[in-house]
Amino acid sequence: MLKEMEEALSGIDIRVDEPLKNYTYTKVGGPADYLAFPRNRFELVRLVNFANKHDIPWLVLGNASNLIVRDGGIRGMVIMFDRLKTTTIDGYVMEVEAGANLKETTKVARDHSLTGFEFAAGIPGSVGGAVFMNAGAYWGEIAHVLVSAQVLTRDGQVKTLEARDLKFGYRQSALQTSGDIVISAKFALKPGDYTVIKQEMDRLNHLRELKQPLEYPSCGSVFKRPPGHFAGQLITEANLKGYRIGGVEVSEKHAGFMINVDNATAKDYEDLIAYVIDTVEQTSGITLEREVRIIGESL
């Protein structure tokens, strides 16, 4: 299969038995059978068509931020989008490829004096992942600015979905059940003042630095916000700040984060998440729901 893959997919960067911990924000995760880095959508379609033809399971990781990959890794083909990051601007509309860094995308909007994207100035990860999760912060979310998304279906077809087709909810979109993969997204912004936009982005980034443990590897916010509550506050009230399993610890700085402090494993993350959910339910009666995705195989 490897020889046939090399011949059919010549020119595409594909790595065999590659540890995914080298690419995830948590710095955990076992190997992918094949890890591919397409440079454009044509290479992406070639990869998907080859995988489908040979019944090789495949998935896209984007920038692997709000994600935990289990220690046994992922069978089949994993596709990373970090080379698909072209951004174009037409008037007040930005079209951005899915692998573009979301924080860098907000800087492009700022540099063109376009407002509406400030809320995302400090959100880690890719544009594609942000659309998939309907990422948000500080009272803004992707649903507020998205016009449409170009997606790749599981059978290798490219189509365009309007924002309404994505059925956005809190950290939810129709992509989470359809299996469609975002290739690029269009965002409608508004004319603004560069200085005002920059000041707001700087303010939000400062708040994030004060509140979040950005100095450690993590998967970002672990839990969704329960209606009428804050996950971090519930975890704090359960006296779980600083609680540790293996190499993963509930952050002392923000209890909604779990940080890799000492060569953690994905199992450490899963065990700590389960313990926090159980403890918070016992102390408050509220069941926390994971925001972070957990994928792959256990050892």
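Residues numbered from 1 in each chain as written. Predicted model: local features only at pLDDT ≥ 70, side-chain atom pairs only at ≥ 80, totals over all residues. Heavy atoms only, no water.

- An unreviewed UniProt entry annotates the chain as UDP-N-acetylenolpyruvoylglucosamine reductase of Streptococcus pluranimalium.
- The record held by UniProt for the chain lists under Function (unreviewed entry) the comment "Cell wall formation."
- Per UniProt, the chain has the following entry under Catalytic activity (unreviewed entry): "UDP-N-acetyl-alpha-D-muramate + NADP(+) = UDP-N-acetyl-3-O-(1-carboxyvinyl)-alpha-D-glucosamine + NADPH + H(+)". (UniProt positions renumbered as here; feature names shortened; annotations may be inferred.)

## Things to note about the pattern of salt bridges
Part 1: Counted by the stated rule, this structure contains 17 salt bridges.
Part 2: Across the pair Glu215 and Lys253 runs a salt bridge whose closest N-O atoms are separated by 4.0 Å. Taken together, the residues Glu215 in the loop between α6 (194-211) and β15 (218-221) and Lys253 in the loop between β17 (248-250) and β18 (257-260) connect sequence positions 38 residues apart.
Part 3: With relative accessibility at 54%, the residue Glu215 sits in the exposed group.
Part 4: We note a salt bridge from Glu289 to Lys224, for which the minimum N-O separation is 3.1 Å. Residue Glu289 is found in the loop between α8 (266-284) and β19 (293-295), and its partner Lys224 is found in the loop between β15 and α7 (231-237); the two are separated by 65 residues along the sequence.
Part 5: By relative accessible area, Glu289 is classed as partly exposed at 47%.
Part 6: Each of Asp13, Arg15 and Arg83 takes part in salt bridges that share partners, so that together they form one network. (Salt bridge = Lys/Arg side-chain N within 4 Å of Asp/Glu carboxyl O. Helix = DSSP H or I, 4+ residues; strand = E, 2+ residues; numbered from the N terminus. Buried < 20%, exposed > 50% of the residue type's maximum accessible area, 1.4 Å probe, protein only.)

## Topic: the domain arrangement of the chain
Part 1: Examined at the domain level, the chain breaks down into domain 1 (1-80), domain 2 (87-209) and domain 3 (213-295).
Part 2: Domain 1 puts 13 residues into the contact, and the matching count from domain 2 is 17 residues.
Part 3: Regarding the contact of domain 1 and domain 2, the summed buried area is about 1200 Å², with carbon and sulfur atoms giving 54% of it.
Part 4: Looking at the side of domain 1 facing domain 2, the largest losses of area belong to Arg41, Trp58 and Asn63, adding up to 46% of the total buried there.
Part 5: Run the count over domain 1 and domain 2 and you get one salt bridge.
Part 6: For Glu97, the salt bridge identified is with Arg41, shortest N-O distance 4.0 Å.
Part 7: Counting residues per element, the ones that place at least two in the side of domain 1 that touches domain 2 are α2 (41-53) and β3 (58-62).
Part 8: Counting residues per element, the side of domain 1 that touches domain 2 draws most heavily on α2, at six residues. (Domains from an automatic or database assignment. Contact = heavy atoms within 4.5 Å. Buried area = accessible area lost by both parts, 1.4 Å probe.)

## Overview of the environment of Gly29
Part 1: Along the chain, the position of Gly29 falls in the loop between β1 (13-19) and β2 (31-37).
Part 2: Residues Gly29 and Pro19, ten residues apart in the sequence, show an inter-C-alpha distance of 6.8 Å.
Part 3: When residues no more than four places from it in sequence are discounted, the contact partners of Gly29 are Pro19, Leu20, Lys21, Val69 and Arg70.

## Examining the packing of aromatic side chains
Part 1: Inspection of every chain in the model, using the stated rule, returns five aromatic pairs.
Part 2: With 4.4 Å between their ring centres and 5° between their planes, Tyr243 and Tyr275 make a pair best called stacked. Separated by 32 residues along the polypeptide, Tyr243 in the loop between α7 and β16 (244-245) and Tyr275 in helix α8 bring together distant segments of the chain.
Part 3: With relative accessibility at 33%, the residue Tyr275 sits in the partly exposed group.
Part 4: By the ring-pair criterion, three or more aromatic residues cluster together here, those being Phe117, Phe119 and Phe187.
Part 5: Between the NZ or CZ atom of Arg154 and the centre of the ring of Trp58, over which it lies, the distance is 3.8 Å. (Phe/Tyr/Trp six-rings, centres within 6.5 Å; stacked < 30°, edge-to-face > 60°. Lys NZ or Arg CZ within 6 Å of the ring centre and 35° of its normal.)

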